[in-house]
Amino acid sequence: MTLDCDLEKFFDRVNHDILMSRLARYIGDKRLLGLIRRFLEAGMMQDGVCVTRCEGTPQGGPLSPLLANLLLDDLDKELERRGHKFCRYADDCNIYVRTIVAGRRVMASITRFLEEKLRLRVNQDKSAVAFVGKRKFLGYRLLPGGRLGIAPKSLDRAKDRIREITKRNRSMAFEKRIEKVNSFLTGWVTYFRHAECKSHLQRLEKWLRRKLRCVRLKQCKRVKTITDFLKSCGVNEQESWMLALSGKGWWRLADTPQAHRAMSVAWFQGQGLVSQIDRYMTLQTSGNRRGT
């Protein structure tokens, strides 16, 4: 069982005085402490107005998770003192217990510790005690035998991003779409290189190619233009006209045999689409070599 502890609006609720007192334990340079204090208190734009910040840390930079790790070091020490097994990065924390009853007991005691000592609030709606495989940590989920997989929500977010890039009503050159897809998926696959996700990537790439076929066909717009495009990709004239004159929607047309032959895997490679499965396997191989 795992206790998935979610801190409510963590980066907006960090108490500056408590954080600075923790930093002072490790940093003796008062000039550096003063610089960090000014960083924390820097104003932020809200509805076009500069608002003074009295709590919380600015997000988006590498300093915020570093400060979060320093602040929550007290939580790590408390969990170690109690003998718990856990994983934590910034405000994301999973504590592993044997039973649901034990998890609820730990949840109550850790909530008191966070609220009384660090003045942080636990989000009771998002926190839960559940089987390990049903919760996620940094986008991963734990599979039987200690193996890593991708959390379903991480896959859903990746698909949402791809949908945004491949919107058919979005004015963008086809080459630019492929460039954006490559940029996103290359970083995404690199992050999840430790997960066992080859089958997920195969399904994702198949779905992505259909999305891109759909976009490319719609960009042709007219029957004659679609026919000419299919013929230029090696489809015979009769089958090209059959697809172009079909009354099917773009999504169904993108899954026809003609569309698959015209815009094959090799065709997409020629357009510059990076095979993320090949990249994943390369990362797996290089990781295994370093492990040995």
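The model shown is predicted, which means the values in this text are computed figures rather than measured ones. (Residues numbered from 1 in each chain as written. Predicted model: local features only at pLDDT ≥ 70, side-chain atom pairs only at ≥ 80, totals over all residues. Heavy atoms only, no water.)

Asker: I'm lost on the packing of helix H9 (residues 198-220) against helix H10 (residues 223-232) in this one. Help?
Answerer: The geometry of a pair of packed helices is captured by two quantities: the angle between their axes and the separation between those axes. As a packed pair, H9 and H10 sit with axes 7 Å apart at the nearest point and diverge in direction by 130°. Viewed along their axes, H9 and H10 adopt a mutual orientation that is oblique. Of H10, the residues touching H9 (which contributes Arg216, Leu217 and Cys220) are Thr225, Ile226, Phe229 and Leu230. When the residues that make up the contact of H9 with H10 are grouped by side-chain class, the tally is five nonpolar, one polar and one charged. (Axes fitted to C-alpha atoms, helices over the stretch in contact; angles between N-to-C directions. Helix = DSSP H or I, 4+ residues; strand = E, 2+ residues; numbered from the N terminus. Parallel < 35°, antiparallel > 145°, perpendicular 65-115°, else oblique. Contact = heavy atoms within 4.5 Å. Nonpolar A, V, L, I, M, F, W, Y, C, P; charged D, E, K, R; others polar.)

Asker: Would you mind showing me how to read the environment of Lys153 here?
Answerer: Mapped onto the secondary structure, Lys153 falls in helix H7 (residues 152-165). When the C-alpha atoms of Lys153 and Tyr140 are compared, they prove to be 9.5 Å apart, with 13 residues separating the residues in sequence.

Asker: Before we go on, may I ask you to explain the layout of surface pockets in this structure?
Answerer: Picture a little ball the size of a water molecule; that probe, rolled over the atoms, points out where space is still empty. Its boundaries defined by the atoms lining it, the largest pocket holds a volume of some 650 Å³. In terms of lining residues, the largest pocket is bounded by 22 residues, among which Asp4, Asp6, Asp92, Lys126 and Lys136 are the most central. Mapped by element, the contributors of at least two residues to the lining of the largest pocket are strand E1 (2-6) and H7. No other element matches the three residues that E1 contributes to the lining of the largest pocket. Partitioned by chemical class, the residues of the lining of the largest pocket number eight nonpolar, two polar and 12 charged. (1 Å grid on protein atoms, 1.4 Å probe; cavity = no way out; pocket = protein on both sides within 12 Å on 5 of 7 lines; lining within 4 Å. Points joined across faces, edges and corners; volume = space filled by probe spheres on them.)

Function-wise, these values are silent; they only describe arrangement.
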